[in-house]
Amino acid sequence: MAADWLGSLVSINCGPTLGVYQGEVVSVDQSSQTISLRQPFHNGVKCPVPEVTFSAIDIKELKILDITIGNAKNSSSASTKVSSAPVAVSKGDPRSAANLNSPQDCSKSQGERHVDIPGQPKGFRRRHNSWSSSSKGANQATPKKNGVKNGQMKPRDDECFGEATDDAVDADFDFEGNLALFDKAAVFSEIDISERRNGARSRGTPLDQTPTRYRHDENILEAKPVVYRQITVPQPGAKEYCTDSGLVVPSISYELHQRLLSIAERHGLSLERRLEMTGVCATQMALTLLGGPNRFTPKNLHQRPTVALMCGPHVQGAQGISCGRHLANHEVEVVMFLPNFVKMLDCVTSEVTLFNKTSGKQVSSIKDLPDTPVDLIINCLDCHENTFLMDQPWYRAAADWANQNRAPVLSLDPPGSGQGHAVEAKWSLSLCLPFSLAEGAGRVYLCDIGIPRQVFKEVGIKYICPFGCKFVIPLHSA
């Protein structure tokens, strides 16, 4: 009798611990009370072993899924198959839901293949194609069943839903193991060698990449080494300065400065041109110190800044008057102090005439200067040639007023450190090339007045413009 059940498909429930097994009966031993299944499935997943043997003690429930009744007389030629519908296992085992995804799923309709698994969202359904005709005997065929829906016969497409699946589908894919087999460095090395052999440009391997970080203003392309000492003078001064980009700007003596201006004037760069250029550069710096675009807007017309110009009767004073004219044109309230002299230089007289055409105010007495602090004081009292002016009463009175007023001071074209500074400045603006300034000159700035490079060469100065895209740049003590 036990041999009659060989080849049948059964489902064996071994309790919550061992779970549910399904497979084809290959042997039944009545003496030892054991049953063996071939190609078993454990909880809907194919077992790695080809055969499993169960003892009667471990079996809680046994269900016949597909009965094969063989006739002893004609079993060699044919057999009769009787299919029975699968029976659901008990609800006590949470893993029993997987039992429905067993070999009998091949004979069920597509709608019966999807079964809800406890502990998973309702939208998630798992599908198992774990049994097919290829797992049966050579003489066995997958039985075809027609589903009945609404009284109509619906034929089943075995070619779509009954084909054999690869065993690898039931095994989990080992992502980490397969990723470890990929040698990225070796692959990139082969690509690099192949490209070099073919004459193509190599992309480089990750090992060749350097972790260098560049600034936003730094060029990543290789270039020639930067030469920071681009300006050399025949008689360097006592100090050296450097720009924000590191270029060295040497100081020069007053004699070399005068020679440079004399040759430039001989080539056409007249004093009037220098005064205008100096006035424009000084105005740009003064407007920046006064607040720049944040201060000079149409909404701030009621808060016009006030600037006090302290000028002497010399070229440096004429440069300050030119600056005051441009400031007045930019809606700045300018008060210019210039002492009364019987005769002054022509450049001073012409600049005063132009200044008087603006809204600026000219005074010759200290008493007429503002009593309250102004926004900025521009000092043009000092002269490079005549140091005796510092002993004049008007000079001392103007210097005292500037020091007592709590406004910051900008010195325009101050003299070198050999001369004293009666007014303590916060900023100093030098022309062309700086003098060696004392500590009382404050922060040093340099402006370009338009002297050509060939003029520098004639006085023995090797010159490359350090200004870049600006006309006024800051200098730092080297």
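Residues numbered from 1 in each chain as written. Predicted model: local features only at pLDDT ≥ 70, side-chain atom pairs only at ≥ 80, totals over all residues. Heavy atoms only, no water.

The name an unreviewed UniProt entry assigns to the protein is Enhancer of mRNA-decapping protein 3, from the organism Notothenia coriiceps. Heading Subcellular location (unreviewed entry) of the UniProt record for the protein holds this comment: "Cytoplasm, P-body". Within the UniProt record for the protein, the comment given under Sequence similarities (unreviewed entry) is "Belongs to the EDC3 family." (UniProt positions renumbered as here; feature names shortened; annotations may be inferred.)

Where helix H8 (residues 315-329) meets helix H9 (residues 346-355), the closest approach of the two axes is 9 Å, and the angle between their N-to-C directions is 15°. It follows that H8 is roughly parallel to H9 by the angle criterion. Regarding H8 and H9, the two cross each other, and that crossing is left-handed. Residue-level contacts link Val 315, Ala 318, Ile 321, Ser 322, Gly 324 and Arg 325 of H8 to Cys 347, Val 348, Glu 351, Val 352, Leu 354 and Phe 355 of H9. Taken together, the residues that form the contact of H8 with H9 break down as eight nonpolar, two polar and two charged. (Axes fitted to C-alpha atoms, helices over the stretch in contact; angles between N-to-C directions. Helix = DSSP H or I, 4+ residues; strand = E, 2+ residues; numbered from the N terminus. Parallel < 35°, antiparallel > 145°, perpendicular 65-115°, else oblique. Left-handed = near helix turned anticlockwise from the far one by under 90°. Contact = heavy atoms within 4.5 Å. Nonpolar A, V, L, I, M, F, W, Y, C, P; charged D, E, K, R; others polar.)

Running from N to C, helix H7 (residues 271-289) and H8 point in directions that differ by 55°, and their axes come no closer than 8 Å. One way to sum up the angle between H7 and H8 is to call them oblique. Handedness of the crossing formed by H7 with H8: right-handed. Between H7 and H8, the residues in contact are Leu 271, Leu 275, Glu 276, Thr 278, Gly 279, Val 280, Ala 282, Thr 283, Ala 286 and Leu 287 and Val 315, Ala 318, Gln 319, Ser 322, Cys 323, Arg 325, His 326 and Leu 327, respectively.

Attention now moves to the packing of aromatic side chains. For any pair of aromatic rings, the description rests on two quantities: the centre-to-centre distance and the angle between the ring planes. Counting across every chain of the model gives six aromatic pairs. Among the aromatic residues, ring-to-ring pairing joins Phe 341, Trp 394 and Tyr 395 into one connected group. (Phe/Tyr/Trp six-rings, centres within 6.5 Å; stacked < 30°, edge-to-face > 60°.)

A few words now on the sheet that holds strand E14 (residues 361-363). Here we have 10 strands laid out as an open sheet, ordered E11-E10-E19-E18-E17-E16-E15-E12-E13-E14, and mixed in their pairing. Only two strands of the sheet have a single partner each, and these edge strands are strand E11 (248-250) and E14. Here the strands of the sheet are splayed against their neighbours by 30° on average, with no regard to which way each runs. Bridging between strand E13 (residues 333-337) and E14 involves three bridges; their strand directions are parallel. Its bridge partner being in E14, Phe 337 is matched across the sheet by Val 363. Sitting on the sheet, H7 touches strand E15 (376-380), strand E16 (409-412), strand E17 (427-431), strand E18 (443-447) and strand E19 (472-477), and the angle it makes with E17 is about 160°. (Pairing = 2+ DSSP bridges.)

Going through the model one piece at a time under the given rule, you end up with 10 salt bridges. A salt bridge links Lys 63 to Glu 61; the shortest N-O distance between them is 3.6 Å. In this structure Lys 63 comes out as buried when scored by relative accessible area, which is 10%. A salt bridge links Lys 239 to Glu 439; the shortest N-O distance between them is 3.7 Å. Of this pair, Lys 239 sits in the loop between helix H5 (184-197) and strand E10 (240-242) while Glu 439 is found in the loop between E17 and E18, placing the two residues 200 residues apart along the sequence. Residue class for Lys 239 comes out partly exposed when judged on its relative accessible area of 23%. One network of salt bridges, with partners in common, ties together Glu 276, Arg 325 and Glu 351. (Salt bridge = Lys/Arg side-chain N within 4 Å of Asp/Glu carboxyl O. Buried < 20%, exposed > 50% of the residue type's maximum accessible area, 1.4 Å probe, protein only.)

Quick look at the environment of Leu 410 now. Take Leu 410: it is sitting in strand E16. Through-space distance from the C-alpha of Leu 410 to that of Ile 377 is 6.2 Å; in sequence the pair is 33 residues apart.

Turning to the nonpolar core, a few remarks are in order. Of all hydrophobic cores here, the largest spans 63 residues; its most connected members are Leu 327, Ile 378, Leu 429, Leu 433, Ile 451 and Ile 461. Looking at which element gives the most residues to this core, the answer is H7, with seven residues. Those residues in contact with Leu 433 that lie beyond four places of it in its chain are Ile 231, Val 233, Val 249, Pro 250, Ile 252, His 257, Leu 446, Phe 456, Ile 461 and Tyr 463. The next biggest cluster of nonpolar side chains, apart from the first, holds 21 residues, and it includes Val 335, Leu 381, Tyr 395 and Trp 401. (Core = buried A, V, L, I, M, F, W, Y, C linked by side-chain atoms within 4.5 Å.)

A cluster of nonpolar side chains, Tyr 214, Ile 220 and Leu 221, forms an exposed patch at the surface whose accessible area comes to about 350 Å². Assignment of secondary structure puts Leu 221 in the loop between H5 and E10. For Leu 221, a relative accessible area of 61% translates into the label exposed. (Patch = residues over 30% accessible without salt bridge, like charges linked within 9 Å, V, L, I, M, F, W, Y side chains within 5 Å. Areas by Shrake-Rupley, 256 points an atom, 1.4 Å probe, with all protein chains shown as cover.)

So, on to the environment of Phe 467. Structurally, the position occupied by Phe 467 is in the loop between helix H11 (453-458) and E19. The class for Phe 467 is buried, based on a relative accessible area of 4%. Aside from chain neighbours lying at most four places away, what touches Phe 467 is Leu 446, Cys 447, Asp 448 and Ile 473.

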